[in-house]
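Now for the letters of each chain:
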Amino acid sequence: MTRTIPISLLAGVLAAVCGCSGEYPRKELGGDSPRAVQVKDMITKLRTASAEELDAVIAAQVVAAGPNDGGRREMAVFTLKQIANASDVQIVMLDQYGSDVVRATLRLSDDIQPRTLCMMLVSGPQGQLLWAGPG
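What you are looking at is a predicted structure, and each value in this text was computed from that prediction instead of being measured.

Cut-offs used in this document
Residues numbered from 1 in each chain as written. Predicted model: local features only at pLDDT ≥ 70, side-chain atom pairs only at ≥ 80, totals over all residues. Heavy atoms only, no water. pLDDT = per-residue confidence, 0-100. Contact = heavy atoms within 4.5 Å. Axes fitted to C-alpha atoms, helices over the stretch in contact; angles between N-to-C directions. Helix = DSSP H or I, 4+ residues; strand = E, 2+ residues; numbered from the N terminus. Parallel < 35°, antiparallel > 145°, perpendicular 65-115°, else oblique. Left-handed = near helix turned anticlockwise from the far one by under 90°. Nonpolar A, V, L, I, M, F, W, Y, C, P; charged D, E, K, R; others polar.

**Topic: the confidence of the model for the chain**
Within the chain, residue pLDDT values average 83, and 82% of them lie at 70 or more. Note on residues 7–21: pLDDT is under 50 here. Beyond four places in sequence and across chains, it has 20 contacts.

**Digging into the packing of helix H2 (residues 34–48) against helix H3 (residues 54–61)**
The interhelical angle for the contact between H2 and H3, taken along N-to-C directions, is 160 degrees, at an axis separation of 9 Å. By the angle class used here, H2 and H3 are roughly antiparallel. Where H2 crosses over H3, the handedness of that crossing is left-handed. Along its contact with H2, which presents Met-42, Lys-45 and Leu-46, the element H3 presents Leu-54, Val-57, Ile-58 and Gln-61.

**Digging into the packing of H2 against helix H4 (residues 72–85)**
For the pair H2 and H4, the least separation of the axes is 7 Å and the interaxial angle reads 75 degrees. As far as their axial angle goes, H4 and H2 are roughly perpendicular. Contact residues: H2 offers Ile-43, Leu-46 and Arg-47, while H4 offers Leu-80, Ile-83, Ala-84 and Asn-85. Its residues assigned to classes, the contact of H2 with H4 comprises five nonpolar, one polar and one charged.

Listed below in structure tokens is the structure:
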């Protein structure tokens, strides 16, 4: 199934990633907010998928590539595989920008050392969150 996201929404993601917070005010989301519950569920599905299921789980959760995405989808898939394979994943913070963009700050632990990464999510056609890529 292919999901397409309006160009204006992707422009909003890019604006949020680039730090244009004047147009998109930041709101910190609580751990029990509906968006937080959705992100936790998405992470759980990634982490509990078998090796055979992981690609399908990622495909269902990531935004489809546009004609000029600059490799953003591939970066998202690569990062989601890191999340799936980390020994531990914690949500440090969730920020909402406007009504359609969320930034998840995650702490990944593995055998090397813990690291923090940020992932952008956007609202899909039915209002569900989809991973858009690192940001």
